[in-house]
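What follows is each chain in one-letter form.
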Amino acid sequence: MQKKQNGAQEIVKLFDPGPEIEVLPFCETGEVISPLPDLVVKVRDIDYKKKNIKLDEYWVKGHTREIEIPMAPLDGSDTNGDGHIAGAFPKAKIIFKDELKTGDLVACLQSKDKQTLYVIYKIARW
């Protein structure tokens with residue numbers, strides 16, 4: 001004999017997280033208590049110090065990246081009829097000046113043992 005399906009119970013199962021969902025990391029909002037070089041980020045009631053924080057190098061002031069810009073031949077003239085040949089910079093270095101400041105909100109992930117904090121990005125305020 002086939003068991004009758006309970007439609008309401010099936011819908012409840014869709015929205016009722018199983019035990020495996022409790023072990024997945026979830027994103028939380030943290031607050032920068034102290035900026036680099038002595039970084040401290042607070043998540044709920046836990047203050048994470050620099051040695052326990054993994055931070056994207058983008059947020060380290062003075063971080064540099066080298067980029068390549070594809071060259072394309074450009075020529076033409078301006079409204080005065082003067083001819084111009086435009087050059088390009090095949091390589092460039094970008095120096096980032098962004099940094100985390102006291103009071104900034106950041107999106108964070110905690111390690112399973114809550115010993116390490118991964119700062120993912122800065123949250124904009126408006």
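Residues numbered from 1 in each chain as written. Predicted model: local features only at pLDDT ≥ 70, side-chain atom pairs only at ≥ 80, totals over all residues. Heavy atoms only, no water.

*Asks:* Where do I start with unusual backbone geometry in this structure?
*Replies:* Excluding glycine, most residues fall at negative phi; most peptide bonds, likewise, are trans. Omega for the bond connecting Leu36 with Pro37 falls within 30 degrees of zero, at 15°, which places this linkage in the cis form. Relative to the helices and strands, Pro37 is located in the loop between strand S1 (28-34) and strand S2 (40-43). The phi dihedral of Arg44 is positive, around 50°, even though this residue is not glycine. By secondary structure assignment, the location of Arg44 is in the loop between S2 and strand S3 (46-49). Within the chain, Lys114 stands out as a residue other than glycine whose phi angle is a positive 60°. (Helix = DSSP H or I, 4+ residues; strand = E, 2+ residues; numbered from the N terminus.)

*Asks:* What is the right way to look at the nonpolar core in this model?
*Replies:* In globular proteins that are soluble, nonpolar side chains generally tend to be buried together. Ranked by size, the top nonpolar core spans 12 residues in total: Val32, Leu39, Val41, Val43, Tyr48, Ile53, Trp59, Leu100, Val106, Cys108, Leu117 and Val119. Those elements that place two or more of their residues in this core are S2, strand S9 (105-110) and strand S10 (117-123). Residue contacts for Ile53: discarding those within four places in its chain leaves Leu39, Val40, Val41, Tyr48, Leu117 and Val119. (Core = buried A, V, L, I, M, F, W, Y, C linked by side-chain atoms within 4.5 Å. Buried < 20%, exposed > 50% of the residue type's maximum accessible area, 1.4 Å probe, protein only. Contact = heavy atoms within 4.5 Å.)

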